[in-house]
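Letter by letter, the chains look like this.
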Amino acid sequence: MANVLAGNTYYVETVSSSASTSLVSDDIQLLGVVYSTDTANQYITLNDISGQGAVGNLKLKVGNGLERGSRYIDLSANPIRFTKGIWISAIDSGVATLIVKLK
């Protein structure tokens with residue numbers, strides 16, 4: 001399976017290698033992140049997409065610390081904005097569901 005946008009969620013299991021494996025849209029608001037892993041010390045790294053449809057500035061790195069399982073981060077009170085889209089530059093063994101609001 002690949003990274004999939006369905007409604008207001010973006011399911012992520014692989015890094016972005018091009019614009020087609022990224023979430024490309026103007027002014028995305030990230031409202032929440034659910035990150036699940038089977039091992040400890042795993043991370044997912046989210047970046048802005050640059051104007052050329054490639055990896056841009058680092059925006060957020062989410063990890064599960066010393067435990068395995070799922071972690072939920074609620075950003076709905078202060079969403080993180082991605083101006084051109086979301087590029088996944090790293091994801092260790094795990095999957096994530098990004099809760100987004102598209103323009």
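Read on for an overview of the structure. These numbers were taken from a predicted model, which means no experiment stands behind them.

**Some points on the environment of Trp 87**
Here Trp 87 lies in strand 9 (residues 85-91). Accessibility expressed as a relative area gives 8% for Trp 87, which makes it buried. Along the chain, Trp 87 and Thr 39 lie 48 residues apart, while their C-alpha atoms are 23 Å from each other.

**Brief notes about the side chain of Asp 48**
Along the chain, Asp 48 turns up in strand 5 (residues 43-49). Taking the relative accessible area as the measure of exposure, Asp 48 reaches 10% and is therefore buried. A distance of 2.8 Å separates polar atoms of two side chains, one belonging to Asp 48 and the other to Lys 59. Those residues in contact with Asp 48, other than ones at most four positions away along the chain, are Ala 54, Val 55, Gly 56, Asn 57, Lys 59, Arg 81, Phe 82, Thr 83, Gly 85 and Trp 87.

**Things to note about unusual backbone geometry**
Here Asp 27, not a glycine, exhibits a phi torsion of approximately 55°, which is positive. Structurally, Asp 27 can be placed in the loop between strand 3 (23-24) and strand 4 (28-37). Assessed through its relative accessible area of 24%, Asp 27 is described here as partly exposed. Unlike most non-glycine residues, Asn 41 shows phi in positive territory, near 60°. Relative to the helices and strands, Asn 41 resides in the loop between strand 4 and strand 5.

**Observations concerning the nonpolar core**
Membership of the largest hydrophobic core comes to 20 residues, with the highest contact counts inside it found for Leu 30, Ile 44, Leu 46, Ile 86 and Leu 98. Among the elements of the structure, strand 2 (9-12), strand 4, strand 5, strand 6 (55-63), strand 8 (80-82), strand 9 and strand 10 (95-101) are those that each provide at least two residues to this core. Discounting chain neighbours no more than four positions away, the residues touching Ile 86 are Ser 22, Leu 23, Ile 28, Leu 46, Asn 47, Ile 49, Leu 98 and Val 100.

**Focus on the packing of aromatic side chains**
Per the stated rule, a full pass over the model turns up 0 aromatic pairs. It is Lys 59 that lies over the ring of Phe 82; its NZ or CZ is 5.2 Å from the centre. Above the plane of the ring of Tyr 43 lies Lys 61, whose end atom (NZ or CZ) is 4.8 Å from the centre.

Cut-offs used in this document
Within every chain, residues take consecutive numbers counted from 1 along the sequence as written. In view of the model being predicted, local features appear only for residues whose pLDDT reaches at least 70, and side-chain atom pairs are presented and counted only at 80 or more, with totals across whole chains, interfaces and linings using the full set of residues. Values shown for side chains rest on all heavy atoms present in the structure; no hydrogens or waters enter the calculation. Comment: elements are numbered from the N terminus, with helices defined as DSSP H or I runs of at least four residues and strands as E runs of at least two. Each residue is assigned to one of three classes by its accessible area relative to the maximum for its type, calculated with a 1.4 Å probe on protein chains only: buried under 20%, partly exposed between the two thresholds, exposed over 50%. Any pair of N or O atoms that falls within 3.5 Å is considered a polar contact. Within protein, one atom must be able to donate a hydrogen and the other to accept it, and sequence-neighbouring residues count only if both atoms are side-chain atoms. Should any heavy atoms of two residues lie within 4.5 Å, those residues are considered in contact. Take the buried residues of types Ala, Val, Leu, Ile, Met, Phe, Trp, Tyr and Cys, join any two whose side-chain atoms come within 4.5 Å, and each joined set is a nonpolar core. Pairing of aromatic side chains here covers Phe, Tyr and the six-membered ring of Trp, requires ring centres within 6.5 Å, and sorts the geometry by plane angle: under 30 degrees stacked, over 60 edge-to-face, intermediate tilted. Two limits define a charge over a ring: the Lys NZ or Arg CZ must be within 6 Å of the ring centre, and within 35 degrees of the ring normal.

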